Amino acid sequence: MTAWKNLNPHGHPATLPPSPACSKSKPIRIATHEPLIKSRTDSQKTIFLVTCTFFLWGMSYGLLDVLNKHFQESMNINKAQSGLLQLSYFSAYFVIALPAAVFNNRYGYKKGLIAGLSLFAAGALLFIPSLREGSFNYFISALFILACGLGFLEATANPYITQLGSQHQSEKRLNLAQSFCGLGTIVGPLIGGALFFRIGGHASAQSQHDTVMQVYIWISVFVVLLAAFIARTEMPEAVKSAENESEKTASLLGNGRFVGGVLAQFFYVAAQVGIGAFFINYATENHTGLSTKDGAWLLSVAMMLFMAGRFVGTYAIAHLPSQRLLAGYALANIVLSIIVIFSAGKISIIALMGLFFFMSIMYPTIFSLAIKDAGAKTKQAGSILTMAVSGGAVYPYLMGYIADRHNIAYAYTLPLASFVVIFLYGLHLEKNKALRPILATAQ
C-alpha cells in the first residue's frame with residue numbers, strides 16, 4: 001500500500017523525499033514518462049509532420065524493390081548483383097544510426113528530422129549524374145547517401161512518435177504511423193511499374209533512366225519543402241530524465257527484452273527486404289505469362305495487404321497483448337513461407353502476397369516492445385534498433401546468389417528462418433512475465 005501513496009496526480013511515481021533515517025541522502029528522482037505535448041493542436045500537428053516522414057521512407061523502399069528488377073533489365077546484371085542495391089541501402093542504416101543518436105541527444109528530435117531530410121534530398125539529387133553516366137556503381141553510392149538520410153529519419157522518428165503521448169499507447173501510436181509507411185510502399189511500386197518499365201516495355205535503357213531521374217527530382221523537391229515546414233513549426237522536445245544510480249550503471253545489454261528485440265528486428269528486416277527484392281522475379285518465374293510490369297502491379301497489391309495489415313494490427317493490438325499478436329503473425333508466415341518454397345503457380349503467389357499482410361505489424365511491434373521503459377536511454381536504444389535495420393543488407397545478396405545457382409523458391413528458406421526467430425521472441429515474451437513491458441495506468 002505504501003507504494004501507491006508515492007504517485008503524482010497522473011498515477012506516475014513522483015520524487016520521493018529522503019526518509020528521516022537517511023536525511024543526508026539526496027532524494028531519488030524517478031522518471032515519470034509524461035507525454036511530451038499537452039495541447040491537442042500541437043499534438044496533431046507534430047504527429048502529422050512526423051508521420052509524413054514515415055510515408056517518405058515507405059515510398060523510397062517501395063521504389064527500391066522495383067529498381068532491383070529495373071537494373072537487371074536495363075544494365076544486364078544478375079540477381080546477386082542487383083541485390084547490391086539493398087546491400088548499399090541497408091548498410092547505410094548501420095553506419096548512420098549511432099551518429100544520428102549522438103546528434104539527436106545534442107540537438108533534439110526536430111533538428112534530427114531536418115538533418116535526415118537534408119541527407120535524403122542530397123542523395124536523391126545525386127541520382128542525376130550517376131544515371132546520366134549510366135554507372136551502376138555511382139548509383140549505389142548515391143543510394144547510400146539517400147539511405148543515410150532515411151536511416152537518420154528512422155532513428156529519430158520511431159522513438160519520437162512513441163513519446164508523443166501516453167506510454168501505454170506507444171505500440172498503437174507507432175503501428176498507426178507505420179501504416180502510412182505502408183501506404184508509401186504501395187505508392188512506390190505503382191510509380192515504378194508505370195514509369196520505370198514504361199507501358200509495353202519498348203523504351204530504351206537511357207529513356208528509363210531519365211524517368212527514374214525525374215521521379216527522384218520531384219521527391220527531393222517534396223522532401224526539401226517538408227524540411228522547411230518542420231523548421232518553421234514549433235515542436236516539443238523530449239526532456240532528459242534524471243536517473244538514479246542503478247539506472248546510470250544499468251546497461252541495455254542486460255535487458256533481455258531489448259537484446260532479443262534487436263535480434264528479432266535484424267532478422268525481420270532481412271526477411272522483409274529479401275521477400276520484396278525478389279517478389280517480381282518469383283512472380284514472373286512461377287506463373288507463366290506474367291510480365292515484369294504485371295509483377296510490379298502485384299507487388300503494389302501485396303503492399304496494399306501490408307498496409308491493411310498495419311491498420312488491422314493497430315486495432316488488434318488494443319485488444320491483445322503485443323507479444324502474443326507478434327507470435328501469431330510470425331507463425332502464420334512460417335506456414336505461408338513453406339507454401340512459397342514448395343508450391344508453384346497461383347497458390348504460391350497468393351501465399352507470397354499473404355506474407356506481406358502478416359509482416360505488417362512486426363517492425364513497429366518489435367520496436368515498441370524492445371524500447372518501452374528504456375527511459376533516459378530511449379534515444380540510444382532507438383539508434384541500436386535502427387542499426388538492426390542493416391539486416392536488410394544481408395538477405396538480398398544471399399537470396400540472389402541462391403536464385404542464380406538453384407531456384408528462386410529455394411531462396412525463400414532464409415525468410416522462413418527469420419520468422420522462426422521472431423516467433424520464438426514473441427513466445428518468449430509471452431511466457432516470461434519478467435521481460436514484458438509494464439503498462440502504464442491509463443490516464
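Since the structure is predicted, the reported quantities are computational estimates derived from the model, not experimental observations.

This part is about the overall build of the chain. Helices and strands together make up the secondary structure of the chain, namely 17 helices and zero strands. A buried classification covers 54% of the 443 residues belonging to the chain. Looking at the chain alone, contacts between residues at least 24 apart form 81% of all its contacts between residues at least 6 apart. Carbon and sulfur atoms provide 64% of the accessible area of the chain, an area that totals close to 18800 Å².

In this structure, Gln-86 sits in helix α3 (residues 79-107). The exposure class assigned to Gln-86 is buried, which follows from its relative accessible area of 0%. For Gln-86, the contacting residues outside a window of four places in its chain are Leu-64, Asp-65, Asn-68, Ser-91, Val-273, Ala-277, Gly-392, Ala-393 and Pro-396.

With that settled, consider the packing of helix α11 (residues 292-316) against helix α13 (residues 346-359). Look at α11 against α13: their axes get within 6 Å of each other, and the N-to-C directions meet at 35°. Crossing handedness for the pair α11 and α13: right-handed. In this structure, α11 contributes Leu-298, Leu-299, Val-301, Ala-302, Met-303, Leu-305, Phe-306, Ala-308, Gly-309 and Val-312 to the contact, and α13 contributes Ile-349, Met-353, Phe-356, Phe-357 and Met-359. Looking at the contact of α11 with α13 residue by residue, the classes come out as 14 nonpolar, one polar and no charged.

What follows covers the packing of aromatic side chains. Under the counting rule described, the total for this entry stands at 17 aromatic pairs. For the pair Tyr-282 and Tyr-412, a centre-to-centre distance of 5.4 Å together with 70° between the ring planes defines the contact as edge-to-face. One end of the pair, Tyr-282, is in helix α10 (residues 279-286); the other, Tyr-412, is in the loop between α16 (395-405) and α17 (413-431), and 130 residues separate them in sequence. Tyr-412 shares its class with Tyr-282; the two are buried.

Relative to the helices and strands, Gln-44 resides in helix α2 (residues 40-74). The class for Gln-44 is partly exposed, based on a relative accessible area of 46%. Distance in space between the C-alpha atoms of Gln-44 and Leu-164 is 9.7 Å, their sequence separation being 120 residues.

Take the nonpolar core next. Tyr-89, Phe-90, Tyr-216 and Tyr-412 are the most contacted members of the largest nonpolar core, which has 125 residues in total. Take this core: its biggest share by element is 15 residues, from helix α5 (residues 136-163). Each residue touching Tyr-89, except ones within four places of it in the same chain, is listed here: Trp-57, Ser-60, Tyr-61, Leu-64, Leu-143, Leu-146, Ala-147 and Leu-150.

Turning to the pattern of salt bridges, a few remarks are in order. Scanning the model with the defined rule gives one salt bridge in all. Close ionic contact of Arg-324 with Glu-430 constitutes a salt bridge, the shortest N to O distance being 2.9 Å. Pair noted here: Arg-324 is in helix α12 (residues 322-342) and Glu-430 is in helix α17, with a separation of 106 residues, a long-range link.

The subject of this paragraph is the side chain of Thr-51. In this structure, Thr-51 sits in helix α2. Looking at Thr-51, the relative accessible area reads 10%, which means it is buried. Setting aside its immediate chain neighbours within four residues, Thr-51 contacts Ile-161, Ala-177 and Phe-180.

Now for α5. Taking 1.5 Å per residue, 28 residues should reach 40 Å; α5 reaches 40 Å between its end C-alpha atoms and fits that length. Burial of α5 is extensive: 23 of the 28 residues sit out of reach of the surface. Following α5 by one or two positions, Gly-165 has its phi on the positive side, about 150°.

Glancing now at the confidence of the model for the chain. Confidence in the prediction of the chain, expressed as mean pLDDT, is 79, and 79% of residues score 70 or more. Low pLDDT (under 50) marks residues 241-249, which in the prediction has 12 contacts with non-local residues, meaning those over four places away or in another chain. In the model, residues 436-443 has pLDDT below 50 throughout and makes 18 contacts with residues more than four positions away in sequence or in other chains.

Calculation notes
Residues numbered from 1 in each chain as written. Predicted model: local features only at pLDDT ≥ 70, side-chain atom pairs only at ≥ 80, totals over all residues. Heavy atoms only, no water. Helix = DSSP H or I, 4+ residues; strand = E, 2+ residues; numbered from the N terminus. Buried < 20%, exposed > 50% of the residue type's maximum accessible area, 1.4 Å probe, protein only. Contact = heavy atoms within 4.5 Å. Areas by Shrake-Rupley, 256 points an atom, 1.4 Å probe, with all protein chains shown as cover. Axes fitted to C-alpha atoms, helices over the stretch in contact; angles between N-to-C directions. Left-handed = near helix turned anticlockwise from the far one by under 90°. Nonpolar A, V, L, I, M, F, W, Y, C, P; charged D, E, K, R; others polar. Phe/Tyr/Trp six-rings, centres within 6.5 Å; stacked < 30°, edge-to-face > 60°. Core = buried A, V, L, I, M, F, W, Y, C linked by side-chain atoms within 4.5 Å. Salt bridge = Lys/Arg side-chain N within 4 Å of Asp/Glu carboxyl O. Expected span 1.5 Å × (residues − 1). pLDDT = per-residue confidence, 0-100.

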